[in-house]
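Residue-level listing of the chains:
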Amino acid sequence: MADTVLRGDTLDIAIEDGKIAGIGPELPGAAEEIDAHGLHIFPGLIDVHLHFNEPGRTDWEGAATGSSALAAGGGTLFFDMPLNSTPCTVDAAAFDQKRAALEASSITDFGLWGGLIPGNIPQMAELADRGVAGFKAFLCDSGLPEFPRADDLTLFEGLREAARLGLPVAVHAESQEITEGLTRRIGNGSVRDFLNSRPVIAELEAIQRATLLAREAGAKLHIVHVSSGRGVVLAAEARAQGTDVSIETCPHYLFFTEDDVERLGAVAKCAPPLRSTVDQDALWTQLLAGTVDMVASDHSPAPPEMKTGEFGRAWGGIAGVQSTLAVLIDRGYHCHKLSLGHKLSLGHKLSLGHKLSLERITSLIASEPARRFRIPSKGAIAVGMDADLTLVDVSRSVELRPEHLKQRHALSPYIGSTLRGCVVRTIRRGETIFVSGEIVARTPGRFVRPDLCTV
Ligand SMILES: [Zn+2]
């Protein structure tokens, strides 16, 4: 007998020992029966890009609170970035420390990114041995002196080493020369100066350079948080020419614009920054056209005192880990409208569809992350897969209030927004970890490493 059966509108799902054991109409009963009628069942959301800051900065977030927020947003697996924790994950010893800390505190499964910084290329092999998902590099200052940016030679040689190890390199693509030069000239103390100091061209230049170096190195490249439609197009052009590149964007670029930074202040400060409506429409166009591979939160929280006060000094990072699925369902599935001027200039591309199907959302948040980062046991609902399932009422509207947030600090630019798409229950390897607004996990999350034998 199965441990659990989910009763859905058309099919039931049976779970045994944390795996999906059967899918079909009217499966036999089980010890635990879950009523999923009227709900859409997604594979558990996989967030490939976030910062839980553990060990070392748990006053900023921590994996216990961070993974609880992820679970409340439908997530069952995350990949933690190598920086904002202390030490940064740039060698095996730091990896071991982080893995142990997260095994003790995370309620969802997790993977770890290693860092690529000047001087640590000799440590990439030991990080690969430990099971990193890939290596993260910054092309501009990271905001943390202990995680310096990769110069072009470091990036190129790191890409070659990553290729040898069979792992991708993820890049934060903004030009140091452009952002630094503009910051020196105009400052970044006001919202407008900050936005102007990090223009789209800084992203485009860095994407072009990274894709060139990756192609020459024969490496897999992952471009994190692409903020503009033009950035997506540039990366897609490189892909068409043979670069093995995947493209990630974040919900905040799809939901907020630069006007929202003016309105909300530091809580909406991030890098690359939020963009104009025109750039946002172009990003939506690429998302709807299928050019973007995945959507990740880039949840990067900080204590309230670092997100208030003077804008120029505030931490750049948006704490939105709980809202990814709701943004995609509300803005993509229910109602996507491009602004008219842009729509007219797009021609036949729009025939690809004006909205995101639930199947496309599944691909963006689960199937494609699992495929790209080679986690074959996750990312789909099929017999033999981990029973990671997210039950969503796609038509229920919820206004996000501070008390809904499971993260450490109830700071998020989404507070006060009403979104259709409410996560009702999150199941991780057969165990309900979130239901009816409460975290109910009994067992901890597990470390997940890429299976380098899968293609
Ligand atoms: Zn990030």
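Along each chain, residue indices are assigned from 1 in the same order as the chain's sequence is written. Note on the predicted model: pLDDT of at least 70 is required for a residue's local features to be given, and 80 or more for side-chain atom pairs to be given and counted; whole-chain, interface and lining totals, by contrast, use all residues. Only hydrogens and water are set aside; all other atoms, that is, all heavy atoms of the structure, feed into the side-chain values.

Moving on to the coordination of the zinc ion. Coordination of the zinc ion by the protein comes from His49 (NE2), His51 (NE2) and Asp298 (OD), over a distance range of 2.1 Å. A donor here means an N, O or S atom no more than 2.8 Å from the metal, or no more than 3.2 Å when the metal is Na, K or Ca. Since water is not included, a site may seem to lack partners. Each donor residue of the zinc ion belongs to the same chain, and together they define the spacing H-x1-H-x246-D. Both residues of the pair, His49 and His51, belong to the buried class. When a residue's accessible area, from a 1.4 Å probe over protein chains only, is under 20% of the maximum for its type it is buried; when over 50% it is exposed; and in between it is partly exposed.

Further remarks concern the pairing of strand 1 (residues 4-7). Under the scheme used here, helices are H or I runs from DSSP no shorter than 4 residues and strands are E runs no shorter than 2 residues, and both carry numbers assigned from the N terminus. Because side chains alternate across strand 1, one face comprises the buried residues Thr4 and Leu6, and the other comprises Val5 and Arg7, equally buried. Where strand 1 lies against strand 4 (residues 32-35), four bridges are found, and the strand directions are parallel. Bridge pairing links Leu6 to Ile34 in strand 4. The criterion for strand pairing is that DSSP finds at least two bridges linking the strands in question. Inspection of the sheet shows strand 1 paired to strand 2 (residues 12-16) by four bridges, in the antiparallel sense.

This part takes up the packing of helix 8 (residues 229-240) against helix 11 (residues 277-289). The angle between two axes is taken between their N-to-C directions and runs from 0 to 180 degrees, where each axis is a line fitted to C-alpha atoms and a helix contributes only its stretch in contact. At a minimum axis separation of 7 Å, helix 8 and helix 11 run at an interaxial angle of 40°. Accordingly, the angle class assigned to the pair helix 8 and helix 11 is oblique. Contacts between helix 8 and helix 11 involve Gly229, Arg230, Val232 and Val233 from the first element and Asp279, Ala282, Leu283 and Gln286 from the second. A per-class count over the contact of helix 8 with helix 11 returns four nonpolar, two polar and two charged. By the definition adopted for this analysis, an angle is roughly parallel if under 35 degrees, roughly antiparallel if over 145, roughly perpendicular if from 65 to 115, and oblique otherwise. Residues are treated as being in contact if the distance between any of their heavy atoms lies within 4.5 Å. Polar here means any residue outside two lists: the nonpolar Ala, Val, Leu, Ile, Met, Phe, Trp, Tyr, Cys and Pro, and the charged Asp, Glu, Lys and Arg; Gly therefore counts as polar.

With that settled, the discussion passes to empty space enclosed by the protein. Cavity and pocket criteria rest on a 1 Å grid covering protein atoms alone: a 1.4 Å probe that fits but cannot get out defines a cavity, protein on both sides within 12 Å along at least 5 of 7 lines defines an open pocket, and an atom within 4 Å of a point defines a lining residue. Grid points are joined across faces, edges and corners, and a volume is the space filled by probe spheres set on the points. Enumeration according to the criterion identifies two cavities of 30 Å³ or more in this entry. Volume-wise, the largest cavity comes out at about 40 Å³. Val267, Pro301, Ala302, Lys307, Gly317, Ala319, His409 and Leu411 together form the lining of the largest cavity. Partitioning the lining of the largest cavity into residue classes produces five nonpolar, two polar and one charged. For the second largest cavity, the calculated volume is near 40 Å³. Every residue along the wall of the second largest cavity is listed here: Pro43, Gly44, Thr76, Lys378, Gly379, Ala380, Asp386 and Asp388.

Here we come to the side chain of Lys136. Turning to its location among the elements, Lys136 is positioned in strand 10 (residues 135-138). The charge count includes Lys and Arg as positive and Asp and Glu as negative, but it does not include His or the ends of the chains. Here, a salt bridge means any side-chain nitrogen of Lys or Arg that lies within 4 Å of a carboxyl oxygen of Asp or Glu. Buried charge without a salt bridge: Lys136, with Asp298 as the nearest opposite-charge side chain at an N-O distance of 6.0 Å. Apart from the residues lying within four places of it in its own chain, the contact partners of Lys136 are His49, Met81, Pro82, Leu83, Trp113, Gly114, Gly115, Leu116, Phe147, Ala170, His172 and Val224.

Tracing the backbone shows Leu70 in helix 1 (residues 63-72). On the accessibility criterion, Leu70 (0% relative accessible area) is buried. Along the sequence, Leu70 and Thr211 sit 141 residues apart, while their C-alpha atoms lie 31 Å from each other. In contact with Leu70, not counting residues within four places along its chain, are Leu45, Asp47, Gly75, Leu77, Phe78, Thr108 and Val321.

Before going further, it helps to spend a moment on the environment of Ser367. In this structure, Ser367 sits in helix 14 (residues 358-372). In contact with Ser367, not counting residues within four places along its chain, are Thr362 and Gly379.

The next point concerns the sheet that holds strand 7 (residues 75-80). Within the open sheet, the three strands sit side by side as 6-7-8. Their pairing is parallel. Pairing within the sheet leaves two strands with one partner each, and these edge strands are strand 6 (45-50) and strand 8 (109-112). Taking each pair of neighbouring strands and ignoring which way they run, the sheet shows an average axis angle of 20°. Strand direction decides the pairing type here: strand 7 and strand 8, joined by four bridges, are parallel. Bridge assignment links Leu77 to a residue of strand 8, and that residue is Asp109. Relative to the sheet, helix 1 contacts strand 6 and strand 7, its axis offset from that of strand 7 by approximately 135°.

The subject of this paragraph is the confidence of the model for the protein chain. Scored from 0 to 100, pLDDT records how confident the predictor is in each individual residue. Taken over all residues, the pLDDT of the protein chain has a mean of 95, while the share at 70 or more is 96%. With pLDDT under 50 throughout, residues 339-352 is counted as low confidence; its partners more than four residues away or in other chains account for 13 contacts.

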